[in-house]
Amino acid sequence: MNNSLRSNPIGCAQPCIFFVDRGASLIIGDHVGISQTALICHIGITIGDYVKIGGGVCIYDTDFHSLDPELRRNPALDFKQKIKKPIIIKDNAFIGAHSTILKGVTIGKNSVIGSGSMVTKSIPDNEIWAGNPAKFVRKINLTDQVTAKFTPLFQVK
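Residues numbered from 1 in each chain as written. Predicted model: local features only at pLDDT ≥ 70, side-chain atom pairs only at ≥ 80, totals over all residues. Heavy atoms only, no water.

Bringing the overall build of the protein chain into the picture now. When helices and strands are tallied, the protein chain shows three helices and 15 strands. Taking all 157 residues of the protein chain together, 36% fall into the buried category. The contacts of the protein chain with a sequence gap of at least 6 include a subset with a gap of at least 24, amounting to 27%. About 9,500 Å² of surface is accessible on the protein chain, with carbon and sulfur atoms providing 57% of the total. (Helix = DSSP H or I, 4+ residues; strand = E, 2+ residues; numbered from the N terminus. Buried < 20%, exposed > 50% of the residue type's maximum accessible area, 1.4 Å probe, protein only. Contact = heavy atoms within 4.5 Å. Areas by Shrake-Rupley, 256 points an atom, 1.4 Å probe, with all protein chains shown as cover.)

Set out below in structure tokens:
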């Protein structure tokens with residue numbers, strides 16, 4: 001977990017914030033990297049193994065408030081009527097910096113979310129999505145990546 005500008009200098013100075021409401025479940029797998037991220041969990045957030053979550057990402061499993069303006073006037077009713085749906089981020093997913101993942105979303109295994117994306121619906125396995133709202137960019141061909149020859153961009157002497 002990285003929380004400082006020195007550890008991840010992307011222009012976001014917030015520390016990691018984990019809020020787990022009473023009765024909610026936050027599950028974080030093994031070898032997960034998180035930088036300056038807000039995880040707001042009112043029902044359930046599950047993060048698989050080897051997931052990378054970029055700086056400034058916000059993951060919200062709730063709307064925080066009712067959509068009905070009359071209910072929002074009464075804090076007790078507003079709190080009870082807010083919509084909550086669990087979020088699942090599967091193994092090996094990568095969430096780019098400054099993205100927002102909203103309630104009810106599942107991010108598929110090995111999938112990539114481009115920086116600054118607003119994810120409002122579920123993403124299948126092995127796909128790249130980006131934008132506001134996030135849209136399909138292309139499939140990830142894992143066999144090409146495994147067999148590709150590595151060519152360094154620069155060499156340190």
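A separate point is the sheet that holds strand 10 (residues 100–101). Taken together, the five strands give an open sheet; going across it, the order is 1-4-7-10-13, and neighbouring strands pair in parallel fashion. The sheet is open, and its two edges are formed by strand 1 (17–20) and strand 13 (118–119), each paired on a single side. (Pairing = 2+ DSSP bridges.)

Tallied over the entire structure, the rule returns three salt bridges. In this structure, Lys139 and Glu127 form a salt bridge, with 2.9 Å as the shortest nitrogen-oxygen distance. Of this pair, Lys139 sits in strand 15 (residues 134–139) while Glu127 sits in strand 14 (residues 127–131), and the two are twelve residues apart along the sequence. We classify Glu127 as buried; its relative accessible area is 7%. (Salt bridge = Lys/Arg side-chain N within 4 Å of Asp/Glu carboxyl O.)

Backbone torsion omega between Asn132 and Pro133 reads -5°, so that peptide bond is classified as cis. Mapped onto the fold, Pro133 is located in the loop between strand 14 and strand 15. Backbone geometry at Asn126 places phi at a positive 60°, although glycine is not the residue there. Mapped onto the fold, Asn126 is located in the loop between strand 13 and strand 14.

Bringing the packing of aromatic side chains into the picture now. This model, assessed by the stated rule, comprises two aromatic pairs. On the basis of an interplanar angle of 80° and a centroid distance of 5.1 Å, the ring pair of Tyr60 and Phe64 is categorised as edge-to-face. (Phe/Tyr/Trp six-rings, centres within 6.5 Å; stacked < 30°, edge-to-face > 60°.)

In spatial order, the strands read 2-5-8-11; together these four strands make up an open sheet with parallel pairing. Here the strands that pair on one side only, and so sit at the sheet edges, are strand 2 (25–28) and strand 11 (106–107).

Counting 24 residues, the largest nonpolar core has Ile59, Ile89 and Ile107 as the members making the most contacts within it. Counting only elements with at least two residues in this core, the list comes to strand 4 (38–41), strand 5 (44–47) and strand 8 (87–89). Contacts of Ile89, omitting those with residues within four sequence positions, involve Thr46, Ile47, Gly48, Val51, Ile59, Ile95 and Ile107. (Core = buried A, V, L, I, M, F, W, Y, C linked by side-chain atoms within 4.5 Å.)

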